[in-house]
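Here is how the chains run, residue by residue.
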Amino acid sequence: MQQAAARASPSRWYWAVPYVAVTLLALSMLAVVWLLQARETAVERDALARDLQWTEQSMRRAMLSTEEFLVQLARDLSAGTLDHDRFQLGANEHLAVNPALTNIAWVDRDQVVTWSAPFDTRDLLVGEALIDDQVQAFQNSALSARLTYGQPFLGGRGEAVLEVYAPVLRRGDSLGAIVAVYSVERMVSRLVPGRFAEQYRLAILDRDGRALTLSSALPPAQAPLSLTLALDPPGNGMALQAMAFRPGGSLLRTLPTALILGLSLLVLWSLWTLRRHVQRRVQVEKERDQLFDLSLDLLCVIDLDGRFWRCNPAFERVLGLDPQRLPGRSLIDFVHHDDVAITLAMLRRLAGGEPVGLENRCLCADGSYKWLMWSINPVREERLVYAVAHDVTGRKATEDALRAESAFRKAMEDSMVTGLRAIDLSGRIIYVNTAFCRMIGFDEHELVGAGPPFPYWPPEHLAECERNLSMTLSGRAPRSGFEMRIRRKNGERFDARFYLSPLIDLTGRQTGWMASITDITEPKRVRAALESAHERFEAVLDGLDAAVFVADARTDEILFANLAFKRIHGFDAVGRTVRGVAVPQPERGDYRVDPRNLSPTDVPRELFDGELQHPVSGRWYHVREQATRWVDGRVVRMGIATDITDRKQTAEVAREQEERLQRTARLITMGEMASTLAHELNQPLAAIANYCAGSVTRLQAGNAKIEDVLGAMQKASFQAERAGKIIRRVREFVKKSEPRRCAVNIAEVLEDAIGFADIDARRTGIRIHIEVEADLPRVYADRIMIEQVLLNLIRNGLDAMADTLPEARVLAVRVRTSGAEAVEIAVVDRGHGISEEGRAQLFTPFYTTKTEGMGMGLNICRSIVEFHNGRLLVDANPEGGTIFSFTLPTESAIERSARSA
C-alpha cells in the first residue's frame with residue numbers, strides 16, 4: 001500500500017503542474033492586459049498632450065498676428081497717418097482673413113468708441129462708452145503702455161467674447177486704444193483644424209474653471225480623457241481643455257479579461273478530460289514493448305559492428321522497410337555514400353562506450369533518401385547500442401529554405417539604395433547595411449560599435465545632430481522623420497532624411513531604434529525648382545489682364561482665381577460658386593458637352609468659346625472654357641474671360657463708318673455716272689414724246705388707223721418702262737439699308753450691274769462680254785453690296801481700257817462654280833495692267849492709280865467680299881490687263897455649316 005501511495009504521489013504532482021501552469025498563464029495574461037490598457041491610456045494621453053500643444057500654438061500664432069496688426073494700427077493712428085477710410089479698409093481685410101475676430105474699433109481717451117468695423121457689428125458701436133471690466137482693461141493698457149487682454153464676458157450676441165487693447169500713445173500721452181473683439185466660440189471653431197474637432201472635444205475655460213464654449217457635446221457612455229493647458233496669450237487665468245473621445249466604453253476594456261478567464265477555464269476542463277483519458281490508457285498499455293511498437297520515431301537495437309538486432313514498425317512507416325527483414329543487415333548498407341565516413345566514425349565512438357548523436361541520409365524502399373537524426377547510447381556489458389532516429393527531412397528542407405531566404409535577404413540589403421542603420425537604447429550603432437556605407441563612404445567596421453558623435457556628423461552641425469539623437473532615443477521623433485546634414489568620408493556634405501521605428505526582438509522587447517536614410521539632396525533641389533516655377537506661374541497669371549479661374553465641374557466651386565478675377569468679382573471668390581459671384585458664363589445648353597458628365601479620361605476638351613455680356617455691369621467678355629484635370633484628379637472647368645467692351649464699341653463704330661463709306665461710294669459712283677444716266681434717260685423720254693406727238697397729229701388729221709396708233713402707244717410704253725427701270729435701279733443702289741444676306745440669283749445681280757455699266761461702255765466704245773455658266777446655284781449674299789462690288793470692278797476695268805486700241809476693247813465678265821460650295825465671279829480687262837509695286841498696295845486705303853480717284857473703292861470691295869466669307873484676288877491677264885476675281889458661298893454651303901454648328 002505504501003509503495004502504491006508512493007507511485008501515486010508523483011502522478012498527482014505530475015497532473016497538478018499543468019493546472020498550476022494554466023493558472024499562472026491566465027494571471028500573466030490578465031497582468032499583460034492591464035499593462036497594455038495602462039500603456040494605451042498613457043499613449044492616448046501623450047497624443048492628446050501633443051495635439052493640444054499644437055492646437056494652442058496654432059491659436060497663439062493667429063492671436064499674435066492680430067496683436068501685430070493692432071500695434072501697427074496704433075502706431076499709424078499715433079503718427080496721424082490713419083484716417084477713417086484706411087481704418088475701415090484695413091480692419092475689414094484683417095477680419096476677412098481672421099474669422100475668430102468679430103470687431104475692431106478705436107476707443108478714444110474718453111473711453112468712447114469712435115471708429116468701429118465692420119459697420120454691422122453688435123459688439124462695439126460708435127458712440128458707445130466702455131463699461132465694467134472694459135474700463136479696467138482699457139486703463140491697464142494705457143498705464144502699462146503695452147497690449148492688454150481683458151476678462152471674457154457675454155457680448156451683444158449672447159456669446160462669450162474676449163477683448164484685446166492696444167494703447168495709442170503720442171509722446172507719452174494716451175490717445176485711446178485699438179480694440180479687437182474675439183468670439184470665443186469662433187476661436188474654437190475657426191482656429192482649430194477639423195481633424196482635431198473629430199477626435200477631441202475642445203473647451204476654453206475662464207479663470208474660475210467655467211467653460212466659455214465647447215466644440216461639441218461628449219457622446220454618452222464615454223470615459224473622457226481630458227487635459228488642460230494655459231492660454232498665453234491672453235492669460236488672465238484662461239485655459240484650453242481637450243477631452244478625447246474614447247469609444248467602446250467598459251465593454252471593450254473588460255472583454256479581454258473575460259476571454260482570458262473563459263479560455264483558461266476551457267483549458268483546465270480539457271486537462272481534466274485528458275487526465276481521465278490517459279489514466280484509462282495507462283491501464284491498457286502495461287507492457288514496455290507496446291511503447292516500442294507504437295513509437296513514431298525509429299527505435300532499434302544495433303550491435304557494435306553496426307548490424308540490426310531489432311527494429312520497430314516505424315521503419316516501415318518512415319523508410320518503407322520491413323522491420324522483420326532488417327535484423328542481421330548492416331546499417332552501412334542503408335547510409336548515403338556521402339555519409340558513410342561519418343557513420344563509421346560514430347560506430348567507433350560507440351565501441352569506446354561514448355554516446356553519440358548525428359544526422360545522415362538513409363535509403364528508403366522506393367530508392368529515395370531521408371534525413372534521420374540519431375541519438376545512440378551504448379551498453380558495453382551487452383555489446384549493444386540502443387538507437388532512436390527521428391525523421392528530420394522536413395526540418396532540413398526548412399533549414400535549406402531559411403538559408404536561401406537569408407542569402408536572398410542579404411542580397412536584397414546589399415542591393416538597396418536606401419540606407420539602414422540600427423542603434424541600441426544607449427545610442428551605439430549595432431548594424432548598418434551596404435547602401436548606408438556606400439552613401440557616406442565609411443566601412444561597416446568603422447561604424448558598427450561607434451557611439452555619438454558618429455563619424456558622419458558634420459562638426460558644424462553637432463548640436464543639431466545630438467538633439468535629433470536625443471529625440472530619437474526618447475521616442476519623440478516625428479513619424480514623418482526629420483532632415484539632417486551628413487558628412488561623407490571625403491568631407492562632402494549632403495542632405496538626408498531619417499525615418500525612425502522601434503527595433504523589437506522576438507520576445508516583443510524593444511532593443512533599439514531602426515532608421516532608414518534617404519539621400520534627398522536632388523529631391524530638395526527639384527522641389528525648390530518646382531516651387532520657384534510655381535511662383536513664376538502664379539506671377540504670370542496674376543499679371544494677366546484677363547480673368548482666369550478654375551471651378552469644379554460638378555459642384556461649380558471656384559478652386560483657383562488669378563488677381564484680375566479677384567479684382568472683378570471679389571477677393572473672397574475662391575471657395576464660392578461661379579454663379580454665386582456673377583461670372584459671365586454660358587448656359588448649360590450652350591456648352592458643347594455637359595461638363596458634369598465628363599470623366600477624367602474625357603479631358604482635356606474645349607467646352608465654350610464665345611462672347612458674353614456681364615449680367616450686372618453690362619460689359620462684354622470673350623469667354624473661353626476648357627475641361628481639364630485638376631491636381632487632385634477631378635474634372636474642372638478652366639475659364640479665361642477677356643474684357644472686350646472697348647473692342648466691341650470700336651468694332652461697332654467701325655462697322656457704322658464702313659456702312660456710311662459704302663453708301664458714300666455708291667453715291668459718288670452715281671454722281672460720276674449722272675451725266676451719262678441723264679443722256680440715257682433723255683433717249684426714252686424723247687422717243688415717248690415723238691410717239692405721242694405723232695399719234696396726236698394723226699388723230700387730229702382724222703386719218704389715223706387704230707393699228708398705227710396702237711403700235712406707237714406700245715412703243716411709247718416700252719420706252720417708259722425702260723426709263724422707269726433705270727430710275728428704280730438708281731434708287732435701290734443709292735438708298736440706305738442694313739446689310740441683309742439671303743439667297744440671291746447671281747445672274748440677276750450681274751444683269752443689273754451691267755445695266756448701269758453698259759451706258760459708259762457704249763459711250764467709250766467698249767464691248768462687255770458675259771460668260772455665265774448654266775444651272776448656277778443661288779449664292780448667300782446681300783444683293784446691293786454685291787452689285788456695288790461688281791459695278792466698281794467693271795468701271796475700274798472700263799477706265800483701265802480707256803487708252804486701249806478699239807479692236808481690243810473687250811471686257812469679259814465670267815461667272816462659274818468653284819468647287820461644290822462657292823461661285824466665282826471674274827472681271828477680265830485688257831487695259832494697261834498693274835505693276836508688282838502697285839499690286840502690293842492695291843487694297844491700301846486712299847491708294848489709287850487714277851488722277852481723280854479716292855483710293856477707297858477696292859478696299860471697300862474687299863471688306864464686302866470678306867464679310868460674305870469670300871476672298872477678292874487680283875492677277876495679271878496673260879493677254880494683257882488685269883483679272884479681278886472673288887468668290888461667294890452658295891446657299892447649300894451656308895445651310896450645311898449651320899447644321900454642323
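Cut-off values and rules
- Residue positions within a chain follow its written sequence, with the count starting from 1.
- Note on the predicted model: pLDDT of at least 70 is required for a residue's local features to be given, and 80 or more for side-chain atom pairs to be given and counted; whole-chain, interface and lining totals, by contrast, use all residues.
- Hydrogens are left out, water is left out, and the side-chain values use all remaining heavy atoms of the structure.
- For helices the rule is a DSSP run of H or I covering at least 4 residues; for strands it is a run of E covering at least 2, with both sets numbered from the N terminus onward.
- We call two residues in contact when some of their heavy atoms are within 4.5 Å.
- To measure how exposed things are, a 1.4 Å probe is used in the Shrake-Rupley method; for residues, cover is taken only from the protein chains shown.
- The criterion for strand pairing is that DSSP finds at least two bridges linking the strands in question.
- Here an angle of 0 to 180 degrees is reported between the N-to-C directions of two axes, which are lines fitted to C-alpha atoms, with helices fitted over the stretch in contact.
- Each residue carries a pLDDT score, the predictor's own confidence in it, on a scale running from 0 to 100.
- Within this scheme, the nonpolar core is defined by two criteria: the residues are buried Ala, Val, Leu, Ile, Met, Phe, Trp, Tyr or Cys, and they are joined through side-chain atoms within 4.5 Å.
- Buried residues are those whose accessible area, probed at 1.4 Å on protein chains only, stays under 20% of the maximum for their type, while exposed residues exceed 50% and partly exposed ones sit between those limits.
- Under the convention used throughout, the expected extent of a helix is 1.5 Å for every residue step, that is, one less than its residue count.
- Along the arc lie the directions from the helix axis toward the C-beta atoms.
- Put simply, two rings from Phe, Tyr or Trp (the six-membered ring, in Trp's case) pair if the centres are within 6.5 Å, and we call them stacked under 30 degrees between planes, edge-to-face over 60, tilted for the rest.
- Distance and angle both matter: a charge sits over a ring if NZ of Lys or CZ of Arg is within 6 Å of the ring centre and within 35 degrees of the ring normal.
- Patches here are clusters of residues that have more than 30% relative accessible area and form no salt bridge, with a 9 Å joining cutoff for like charges and a 5 Å cutoff for nonpolar side chains (Val, Leu, Ile, Met, Phe, Trp, Tyr).
- Any carboxyl oxygen of Asp or Glu that lies within 4 Å of a side-chain nitrogen of Lys or Arg is treated as forming a salt bridge with it.
- Throughout this description, a polar contact denotes any pair of N or O atoms lying within 3.5 Å of each other; where both atoms belong to protein, one of them has to be capable of donating a hydrogen while the other can accept it, and for residues adjacent in sequence the pair is counted only when both atoms sit in side chains.

What follows covers the overall build of the protein chain. When helices and strands are counted, the protein chain shows 23 helices and 32 strands. Pairs at least 24 apart in sequence give 53% of the contacts found in the protein chain among residues at least 6 apart. When the accessible surface of the protein chain is totalled, it reaches about 51,300 Å², and 54% of it is carbon and sulfur.

Below, the discussion takes up the sheet that holds strand S19 (residues 493-504). The sheet built from five strands is open, its strands ordered S17-S16-S20-S19-S18 with antiparallel pairing. Pairing within the sheet leaves two strands with one partner each, and these edge strands are strand S17 (429-432) and strand S18 (482-487). Averaged over all pairs of adjacent strands, the angle between their axes in this sheet comes to 35°, without regard to strand direction. The pairing of strand S16 (residues 419-424) with S17 spans three bridges and is antiparallel. Along S17, the bridge assignment pairs Ile423 with Ile429. Across the sheet, helix H13 (residues 462-473) is in contact with S16, S18, S19 and strand S20 (510-519); its angle to S18 comes to roughly 130°.

Here we take up the confidence of the model for the protein chain. Looking at the protein chain, the pLDDT average stands at 77 and 80% of residues meet or exceed 70. Counted against residues more than four places away or in other chains, residues 851-856, with its pLDDT under 50, gives 11 contacts.

With 45 residues, the main nonpolar core has Ile104, Ile178, Tyr182 and Ile204 as its most contacted residues. Per element, the largest residue contribution to this core is 10 residues, and it comes from helix H1 (residues 2-79). If sequence neighbours within four positions are ignored, Ile204 has contacts with Met59, Val184, Met187, Val188, Arg210, Ala211, Leu212, Thr213, Leu231, Met238, Ala239 and Leu240. In this structure, Ile794, Leu858, Val865 and Leu888 belong to the second largest nonpolar core, which totals 37 residues.

If you check H13, its first and last C-alpha atoms are 16 Å apart, about what 12 residues at 1.5 Å a residue would give, namely 16 Å. Those residues of H13 not exposed but buried are Cys465, Asn468, Leu469, Met471 and Thr472. Seen end-on, H13 carries its buried residues on one side only, within an arc spanning 160°. Exposed and facing more than 90 degrees away from the buried side of H13 are Ala463 and Arg467.

On to the pairing of strand S32 (residues 882-889). With seven of eight residues buried, S32 is to be regarded as a mostly interior element. Here strand S30 (residues 822-828) runs beside S32; their pairing, made up of seven bridges, is antiparallel. When the bridges of S32 are listed, Ala822 appears paired with Pro889.

A separate point is the packing of aromatic side chains. The final tally for this structure, using the stated rule, is eight aromatic pairs. Pairing Phe87 with Trp115 gives two aromatic rings, centres 5.4 Å apart and planes at 45°, and the pair type is tilted. Residue Phe87 is found in helix H2 (residues 84-97), and its partner Trp115 is found in strand S2 (residues 113-117); the two are separated by 28 residues along the sequence. Judged by relative accessible area, Phe87 falls into the buried class, the value being 0%. A relative accessible area of 14% means that Trp115 is categorised as buried. Taken together, a centroid distance of 5.8 Å and an interplanar angle of 5° make the contact between Phe482 and Phe498 stacked. Here Phe482 is found in strand S18, whereas its partner Phe498 is found in strand S19, with 16 residues between them in sequence. Neither Phe482 nor Phe498 differs from the other in exposure class; each is buried. Through successive ring pairs, a cluster of aromatic residues spans Phe436, Phe454, Tyr456 and Trp457. The lysine or arginine in question, Lys396, covers the ring of Trp371, its NZ or CZ lying 4.5 Å from the ring centre.

Turning to a nonpolar patch on the surface, a few remarks are in order. A surface patch of nonpolar side chains, about 650 Å² in accessible area, is lined by Leu255, Leu259, Leu263, Leu266, Trp269 and Trp272. Mapped onto the elements, Leu263 comes out in helix H6 (residues 249-284). For Leu263, a relative accessible area of 54% translates into the label exposed.

Applying the stated criterion across every chain, the model contains 23 salt bridges. Between Asp305 and Arg307 there is a salt bridge whose closest N-O contact spans 3.6 Å. Residue classification places Arg307 among the partly exposed residues on the basis of a relative accessible area of 36%. Between Arg325 and Asp322 there is a salt bridge whose closest N-O contact spans 3.7 Å. Relative accessible area serves as the criterion here: at 67%, Arg325 is assigned to the exposed category. Here the salt bridges share partners, and the residues they tie into one network are Glu359, Arg395, Lys396 and Glu399.

Along the chain, Asp391 falls in strand S15 (residues 384-391). Residues Asp391 and Asp297, spaced 94 residues apart in sequence, show a C-alpha to C-alpha distance of 7.3 Å. At a separation of 2.7 Å, a polar atom in the side chain of Asp391 contacts the side chain of Thr393.

This part takes up the sheet that holds strand S12 (residues 308-311). Spatial ordering of the open sheet is given by S12-S11-S15-S14-S13, a layout of five strands whose pairing is antiparallel. At either end of the open sheet lies a strand with only one pairing partner, and these are S12 and strand S13 (356-363). Each adjacent strand pair in this sheet contributes to an overall mean axis angle of 30°, direction not counted. Here three bridges tie strand S11 (residues 298-303) to S12, and the two strands are oriented antiparallel to one another. When the sheet's bridge partners are listed, Val301 is paired in S12 with Arg310. Sheet contacts for helix H9 (residues 340-351): S13, strand S14 (369-379) and S15; angle to S13, the most-contacted strand, approximately 140°.

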